[in-house]
Amino acid sequence: MDSTSLLMISASEHQMNCSFSGYKIYPSRGRVFIRGDSKTFRFLSSKTNSLFDQAKNPRKIAWTRLYRKAHRKGIKEEASKKRTRRAVKYNRAVVGVSWEAINARRNEKTDVRAAARAEAVTKAKAKRKEEAAKKKAERANAPNTAQKISKQQARGASMKPKPTSR
C-alpha cells in the first residue's frame, strides 16, 4: 500500500452523512448539533442546519436525498420497473371428465349442442310427468280414512270448534 491509498481510506472512514439532506460530509466540513437526549445531528451547511431548526420535513424539500428517493427521481427506468409474472395456463381434466371429453364438447357445433340440450329437456319433462302420474295413482288407490290434521293438532293441540252460524 502506498501513501495515497492510506489517505483515501482515512478520508472515507471520517465521511459522514448530513442528518437533513442525506449528502456526504467530508472531513473538516459541516456542523454538529447534539440534542438534550445526546442524539448527534451532523449538517452539511448552515442552510441544512437552519431548515432543521425550522422543523422542516426533508421529504418535502426538493433537493434533499429523501425527497428524491420518495419521488423516484434519478432512478433508471429499467431498475425501477418490476417484472410481472404471468400465470402459466395448464389444461387439466375436471373430476369425472377426461381432457379429451372436454375438448370434444368445446369443439362441438352450437346447433348440435342445442339439439342435445333440447333432447335432455324433453327427457326430463317426460320423467317428471311419469312421476306425477305415479303419485296420482298412489293417492287414488290409497284409502283416505285418516282425517286431515294440522301440525299443531298432531302435536296435541285441541281442535277448533266448527262454526255453526251457517
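Note: the structure precedes this text.
Bear in mind the structure is a predicted one, so any value in this text is a computation, not a measurement.

With reference to specific residues and values, describe the overall build of the protein chain.
Counting its regular elements, the protein chain contains seven helices and four strands. Listed N to C, the secondary structure of the protein chain is α-β-β-β-β-α-α-α-α-α-α in terms of helices and strands. The buried share of the protein chain, reckoned over its 166 residues, is 8%. Within the protein chain, residue pairs in contact and separated by at least 24 positions form 26% of the contacts whose partners lie at least 6 positions apart. Put simply, the protein chain shows about 15900 Å² of open surface, and 52% of that area lies on carbon and sulfur atoms.

An account of the pairing of strand β3 (residues 31-34) is needed here, citing residue identities and associated values.
Where β3 lies against strand β4 (residues 40-43), four bridges are found, and the strand directions are antiparallel. Each residue of the ladder has a partner; that of V32, found in β4, is R42. Linking β3 to β4, which pair antiparallel, is a turn of five residues; within it S38 sits at a positive phi near 60°.

How would you sum up the nonpolar core? Please name residues and give values.
A general trend in soluble globular proteins is that nonpolar side chains are found buried together. Of all hydrophobic cores here, the largest spans seven residues; its members are C18, F20, I25, F41, F43, L51 and I61. Not counting residues within four places of it along the chain, the set of residues in contact with I25 comprises H14, Q15, M16, N17, C18, G30, R42, F43 and L44.

I'd like to hear about the environment of H71, residue by residue, with values.
Mapped onto the elements of the fold, H71 is located in the loop between α3 (65-70) and α4 (77-80). What makes H71 partly exposed here is its relative accessible area of 41%. Residues H71 and R59 lie twelve residues apart in sequence; the distance between their C-alpha atoms is 8.9 Å.

Before we move on, can you summarise a nonpolar patch on the surface with the specific residues and values?
A cluster of nonpolar residues, V94, V95 and V97, forms a patch on the protein surface that exposes about 300 Å² of accessible area. Among the residues examined, V94 registers a relative accessible area of 52% and is labelled exposed.

Can you lay out the side chain of T48 for me, pointing to particular residues and giving the numbers?
Note that T48 resides in helix α2 (residues 46-53). The exposure class of T48 is buried, given its relative accessible area of 1%. At a separation of 3.3 Å, a polar atom in the side chain of T48 contacts the main-chain amide nitrogen of L44. Side-chain polar atoms of T48 contact the backbone oxygen of S45, separated by 2.9 Å. Beyond its immediate chain neighbours, meaning those up to four positions away, T48 contacts C18, F20, S21, F43 and W63.

Break down a positive patch on the surface for me, citing the residues and quoting the values.
Together, K135, K136, R139 and K148 give the surface a local cluster of positive charge. Within the secondary structure, K136 is located in helix α6 (residues 110-141). By relative accessible area, K136 is classed as exposed at 63%.

Definitions and cut-offs
Residues numbered from 1 in each chain as written. Predicted model: local features only at pLDDT ≥ 70, side-chain atom pairs only at ≥ 80, totals over all residues. Heavy atoms only, no water. Helix = DSSP H or I, 4+ residues; strand = E, 2+ residues; numbered from the N terminus. Buried < 20%, exposed > 50% of the residue type's maximum accessible area, 1.4 Å probe, protein only. Contact = heavy atoms within 4.5 Å. Areas by Shrake-Rupley, 256 points an atom, 1.4 Å probe, with all protein chains shown as cover. Pairing = 2+ DSSP bridges. Core = buried A, V, L, I, M, F, W, Y, C linked by side-chain atoms within 4.5 Å. Patch = residues over 30% accessible without salt bridge, like charges linked within 9 Å, V, L, I, M, F, W, Y side chains within 5 Å. Salt bridge = Lys/Arg side-chain N within 4 Å of Asp/Glu carboxyl O. Polar contact = N/O pair within 3.5 Å; in protein donor to acceptor, adjacent residues only side chain to side chain. Lys, Arg positive; Asp, Glu negative; His and termini not counted. Charge placed at Lys NZ, Arg CZ, Asp CG, Glu CD.

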